[in-house]
Structure formats: structure tokens, C-alpha cells
Amino acid sequence: MKIAVVVQRYGQAINGGAELHARYVAEHLAKSAQVDVLTTCATDYVTWRNELPPGTEQVNGIPVRRFRVKRERDPRVFARRSDRVFENRHSLGDELDWLDAEGPTSPALVGYIGRHASEYDFCLFFSYRYYHAFHGARAASARAILVPTAERDQAIGLSIFPPLFRSVRALMYNSPEERAMIQAVSANHDVPGVVVGIGSDVPQNPQPTRFRQKYNLRGPFAVYVGRIDQNKGCTELFEFFQGYLRDPSSRLTLVLIGKELLPIPAHPRIRHLGFVGDTDKFDAMAGADLLLMPSYFESLSMVALEAWALGKPVLANGKCDVLKGQCIRSNAGLYYESYAEFHETLRAIEQNRWLAGTLGRNGRQFFRDHYDWPVIERKYFDMFDRLKRDTPARAIDPLPGWFARRRRGAPAAADVLEKLPTGPVLDTSSGQSRRRA
Amino acid sequence: MADFNIRSDSVNVEQIMEQIRGRIREKRGVDYTEQQIRELAAVKLEKFLDPKGVRSDLLEQYRKVQPTYEPELPNYEFEESTIYDTHRGLLRFIRKLLNPLLKLFFNPNKFVQALHIQARLNTIHTEREAARRATDRLTYELVHNLVVETTRLAIEMKNLKMRAESLASRLEFNERRARALESVVVYKADDGEAPASPRSSSAPPAAAARPASSATAAPAQSGQLPASTGNAAEGPGQRSRRRRRRRGRRSGGSAAGIMSGQSAQPQPGAPEASGPAGHDATNEDSDVTPTEDLGQFTGAEAHPSEPVARPADTARDPSKNDPETQ
């Protein structure tokens, strides 16, 4: 079996969520299939500047074919077009212009996919919202499997994407919430889809003591791993945690791991370690009392899964449907939606050892049941087998014509997003959910 | 959270969250979400704040005075050559050629200067306007946050006031209960020390109502039976006499008064009378169950230290009302 993994950036040093997801999937599928990675020469997701040479190279034994990006992203043009399609009534042409401005605009990559799609059994496209996935999936629709990595942001409300969701061969969702959202926006219930997510190569014997000695850490601590950014909810986290520190019964220290894009409060019990390697990261998570996950928007939190794999409870932002749903389904984490809840839940996990231990054990079991690599690989190959048996249900809709592109009939994406159901999906077996419209 | 209530071996996160939210509601009194607080700040401000002090539609008014759009102010550049400008080179040349002739009729430099100054003024105004808008946005945000915070504080203050009232009433109740319990203890001590102390029917009502210190000291002074004899077999009518004495003391003053009276005016023999003798007397009095006493004394009406006078109790002759003696 020959598989193409198509992703916007690819490389060992690229740690973005979807990109890492794609690399892990490619490397694990490569054990049982021939995998090619098709990607761009860009490494920066803001500019899409060509920084790597075009052509083929090997990354961890996987052949990676890179294509040049035609033009870098102009932030002003992108912002203006985003404003137009997200906030105002607009045309399909405006949306295509927005996609073009977002990038990575690589007609060479799309052209290659169009010419060579027949050489592959299936093409896995990562991140629905980028140029390569939209045009690439259209070029190879009979073999296209989409891994949407969709978050609850305004891009999901654009009118160009529902036909894409309906016309690919299958979708590999990250969470039941993501599936419910995409089904609500595109009514693609007849398209095969499965909630897969992603596994993680968690070391068998992490050494918390080594981490404590290396960074001179004493006492219990909560860990946050990820970009320290306002978009990740870190501002709120700092505010809440500083409030929690005023509780005389609290002993937790907050340990932050990741690149700093936000001023970090100066407090002896808030420690920022910067970017650390995987060994230190897993040692830290194994030594922590819990993992804090303050992000508002996640399609799947890999860090949370890693914490669960290590038997640690998670305290997540309940305003993120996916995280809340995961906490409830796994019974392995608590969530907060206000400072009072943050304080009480954090206190509960810190002071009730039994609760923390039970949540951690549940998390480990949840990870083994749903996110261990053999489970993930099996889901992918089951889907490939199923698609091989079935014939493609429908051909992809053609792009709108000249007049249709200019008709201002598309609603503002923000309005579409507002009407989508919210809340976690709690009953995944029956397809029922407790979502509210 | 040491008092976390989990009874099963497995945890249910939703259930735990419900418990946590319940605890928060208990603590805060009313659980307002951020959205509710904002709605309250926008709509029902007058309910929480002094309407004379803060206008409920403050934010609305503030928003109204802000322009809903930011018009581009027109401006131009005016230099000496502007009035002769044209994209046609020939025409520009002719105008320059005829310029001296024009100046023969009037002085265009004055116009040029005036319009140049005006253009500069326009630029300065535009810059100031932009700066003012930026400040206005900050001010609006500040006012908005202040109103939200004020509302939040007002709600919190209301809740705290209610809690304080609740605590005060509970404290008052506990004080009354404590006083009642103290009086039970004193009564039992007294009861044993002077089983035979006669509170004669000829005593005036005022004597029954006098300070308990003298009432308790009297038996000790008179050298009546020691308390250790309280375990001896009771004769007929002894129990009823005790009840009568109890009634008399009940109307005589508070337990605190009794105790303070003892300490203030020590009488010879009094410590012995209220010491171990009291303990024995309690044992002796075991036929009167403590629960009955508690039930009798914890009620506000029944408590002897209540300010409400009960002349019927204090003035009556106990022997006349005692069914055993009738």
C-alpha cells in the first residue's frame, strides 16, 4: 500500500500540532505501508517563507518531497480578507481570495498531487483550512482522506469548506466534538469518518527526580506544556494561579515549559523553564501533580493525552468543548470555567491524593484504550480497507463559475459559527450528544 | 479538598464538578456567571447601586456619544505651486508664464499662505483626533470595567451582608443555648448541695426573685446536709421539693448572674457546696433526664435569663401548684 501524507510543513524541528500529528502518523504508518510526505519548503507558519530546499530528502526514514511556496503571506492582505469573510456578507470569490492569502500557496504541490495521485492508494491531507488541503483534496478527490484538525474558529464557517467535507473519501477526526461540528456545518453524515486522534511515544520510565535535580525544583508542582501565549489561555491561567497562590493551604508551584510569547508574572512559585527536550518534558510531566491545560481552542490536546499516558490528572479549561468532553469521557480530569472553579478543582486535585491518583489511573486506561499507537494504526488501516472495498460515493463539486464567485451570498463566517452547536459530546456510542444549539 | 465526598472506588467527573459547583454556590451564596454579571451591569445597575450616584445607563450613554464610524477627515497639501499644478506640461508652462500678469491684478501669495496654514491645521487636528479616539477607547474600557467590577462588588457585598445577618442570628441562638446549658449545670450543682433547704412558703415573692448568689449561698451558710448524702434514699415529696426549688431558681436570675455572684461574694463554705457536691447531686438527680432539661431550657421562652418577667412563676406558692402536694 502506498500512502501520501500531505501537510503544510514537515520536519523534525517543526512542532506545530497538526504538523507533529502528520509526522507521527506518517512514521507509524510507514511500518506497514510505503509512505511519501508531500509538503512545502516553508518552516514558518506565519510567513510561509521558503527556507528549506525543494526536492526530496529523508526525515526519520520517510521520503519527504518539498515544493516551493509561490508567495509569502502578506499579513495586511490576509487580515483585510479575513475581516471581510469572517465579519461581513461576502462572495465565494472572497473566500477563495482569503484562502490564497492564507497560504501556503504552492501550485507546484497541488500540480504534483494532480499528476501523481494515481500512484498512491490514498492521500492523507492534514489541516482543512490551508491552501494545500483544499486544492490538493480537490485534485485527488477519489483518494483524498482528510484529517481536518478543525478547531472552533471562524474558518469553519466559510462556505467553501462544506463541499470539501462532503466530497473527500473519508475523514479522520480528532475528537467527537470535532466530528459533531463538521457534521453540523456540512451535513456529511454519509461520508465515512472515524474518531482517531493521535498517539504518543511516551517513555516507559521517565525520571522525575532527575528533572527536579536538574531544575532545582522542590515540593509539588503543576505543569503547563506548550506555547505561552494569550491564544492558549495563559493570561487567564496566570491570573487564576496567582489568585490560587494566595490560598494559604496551597503548596503547588506552576512550572511552565514552552516558548514565551507573553510576560510571565514574577513569583517564586511560577517557574518558566523555556523550551526543553522530550526527555525533560516527560520527566516533568511524570513528576508533576497535574497538567494544566488552559487553552480555549483545541482539536485534540496531545499534551493532555501524554499526561494521561503517564497517569497524571489534567485540569482543563471547560470553555473548550473538546477538552471538557475528553475530561468527562475519560473521567481523568477536571475542568473550570471561572476562577472559583479553578480554585476549587485545583485544590481538590492537590489535596485529595486519592482523587488525583484515581483520575490519573483513569487517564492511563483511557489512553491505552483509545490513543495507544496500535489502536490508532488499526483505525487507519481499517479505514483504508473499508475504502478499498467501497467505490467513491460522489465526485467533487466543481469550483463555482465566474458569476457564482462574485455573488455576495455567503454569510459571515462568524454568524455561521455562532449557530453551530456547542458543548461536549458525551455519548459517543449512540451518536447522541448533550450539545446545545 | 479534604472533605471531598466520593463514596465509590471510581470517580465520575461530572458528579465531582457538580459537588464543586455546589460548594462554590454555598460559599458565594448566589452563583453568578460572568455573563450574568455583565447583564446585570448593563441592565439592572440601579437595583444594586445608588441611582443618585451612578447612572444605570452610563455605558449606553457613553457609547452613544462615541461616533459609530470614524470618518476620514478630508485634507490637502497646499504649497506655493499648488494653484498652478496640472498634469499637462504645456498648460503648466503657460500658467507660469502668465503668473506675473496674475500678480498684477491681485496678490495670490496671501491665499497660498492661508491655505497652507489651513492644511497644516487640518493635519494637526487629524492627529489629535486620532489620539483622542485612542484615549476614548481606553476610557470606555476603563469605565466599562469599573461598572462591571462595581456591580460585582455590590452583589458580593449584598451576599456578605446576608451572610453576616445569618451568622449573627446563629451566634445569638448559640449564646442563648450556651446560657441555658450553663444554667442546667448550676442547677444540678445546687440541687445536690441543699436537698433539704427549705424555701418556705412564707417567704415573700421578692425573695424568690432575688439574686441567685444569695439563694445559693444560703444553704451553705446554714450548714445543711452535705451533698454526699444526696445518694441516700429519698423520702416522699423530696422530688417534688426539688422541682419547686428549681422553679424558684428559674425565676431568680441568670446562670451567669449566679456564677458571677458566687465569685464576687465568696461565702464561707460556699466553695465546698458548689464543688464535688454539685457533681454528686447530678448523679442523684438522674431521674430527671437531661434531655428533658435541655428541651426545657434551650427554648427562648423557658430560659431564666430572658428579660421577660414571669411574675406568675415567681410569685406563686409552689406548694399550691404541685400536684403531689395537693
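What counts and what doesn't
- Residues numbered from 1 in each chain as written.
- Chains lettered and ligands numbered in written order.
- Predicted model: local features only at pLDDT ≥ 70, side-chain atom pairs only at ≥ 80, totals over all residues.
- Axes fitted to C-alpha atoms, helices over the stretch in contact; angles between N-to-C directions.
- Helix = DSSP H or I, 4+ residues; strand = E, 2+ residues; numbered from the N terminus.
- Parallel < 35°, antiparallel > 145°, perpendicular 65-115°, else oblique.
- Left-handed = near helix turned anticlockwise from the far one by under 90°.
- Contact = placed C-beta atoms within 7 Å.
- Nonpolar A, V, L, I, M, F, W, Y, C, P; charged D, E, K, R; others polar.
- Buried ≥ 20, exposed ≤ 12 C-beta atoms within 10 Å, placed from the backbone.
- Pairing = 2+ DSSP bridges.
- Right-handed = clockwise from strand over helix to strand, strands pointing away.
- pLDDT = per-residue confidence, 0-100.
- Core = buried A, V, L, I, M, F, W, Y, C linked by C-beta atoms within 7 Å.
- Domains from an automatic or database assignment.

1. Digging into the packing of helix H9 (residues 234-245) of chain A against helix H13 (residues 339-351) of chain A
Residue and element names in this part refer to chain A. Put simply, H9 and H13 touch, their axes get as near as 10 Å, and they point 55° apart. Comparing the axis directions of H9 and H13 gives the class oblique. In this structure, H9 crosses over H13, and the sense of that crossing is right-handed. In this structure, H9 contributes Phe240, Gly243 and Tyr244 to the contact, and H13 contributes Tyr339, Phe342, His343 and Leu346. When grouped by side-chain class, the residues that make up the contact of H9 with H13 number five nonpolar, two polar and no charged.

2. A few points about helix H5 (residues 131-139) of chain A
Burial analysis of H5(A) places nine of its nine residues in the buried class, which makes it a mostly covered element. Buried-residue contacts for H5(A) involve strand S1 (2-6), helix H3 (92-102), helix H4 (107-116), strand S5 (122-126), strand S6 (144-147) and helix H6 (161-167) of chain A.

3. Comments concerning the pairing of S1(A)
Residues and elements named next belong to chain A. The buried fraction of S1 is high, at four of five residues. As paired strands, S1 and strand S2 (residues 34-40) are joined by five bridges and run parallel to one another. Within S2, the residue paired with Ala4 across the bridge is Asp36. Regarding topology, helix H1 (residues 17-29) serves as the crossover connection from S1 to the parallel S2, and that connection is right-handed. Inspection of the sheet shows S1 paired to S5 by four bridges, in the parallel sense. Across the sheet, the residue bridging to Val5 is Leu124, located in S5.

4. As for the sheet that holds strand S13 (residues 314-317) of chain A
Residues and elements named next belong to chain A. On the basis of which strands lie adjacent, the open sheet formed by six strands has the order S11-S10-S9-S12-S13-S14 and parallel pairing. If you trace the sheet from one side to the other, it starts and ends with strand S11 (270-274) and strand S14 (333-336), each paired once. Adjacent strand axes in the sheet meet at a mean angle of 25° when their direction is disregarded. One ladder, built from four bridges, connects strand S10 (residues 253-257) with S11; its direction is parallel. Opposite Val255, over in S11, you have Arg271 as the bridge partner. Lying on the sheet, helix H10 (residues 278-287) is in contact with strand S9 (221-225), S10 and strand S12 (290-293); it crosses S9 at an angle near 140°. Packed on one face of the sheet, helix H11 (residues 302-309) meets S9, S12 and S13 and runs near 170° to S12.

5. Some thoughts on the confidence of the model for chain B
Residue and element names in this part refer to chain B. Confidence in the prediction for chain B averages 62 pLDDT; 40% of positions are at 70 or higher. In the model, residues 192-236 has pLDDT below 50 throughout and makes 86 contacts with residues more than four positions away in sequence or in other chains. Scored as a whole, the predicted complex attains pTM 0.59, and scored at its interfaces, ipTM 0.79.

6. Regarding the nonpolar core
Across soluble globular proteins, you tend to see nonpolar side chains buried next to one another. All names here are of chain A. Of all hydrophobic cores here, the largest spans 135 residues; its most connected members are Val5, Cys123, Leu124, Val223, Leu291 and Val314. A per-element tally of this core places H11 first, with seven residues. A domain-level breakdown of this core finds at least three residues from each of domain 1 (2-199 + 373-419) and domain 2 (208-370). If near-sequence neighbours (up to four positions away) are discounted, Cys123 is found in contact with Ala4, Val6, Ile113, Ala117, Ala140, Arg143, Ala144 and Ile145.

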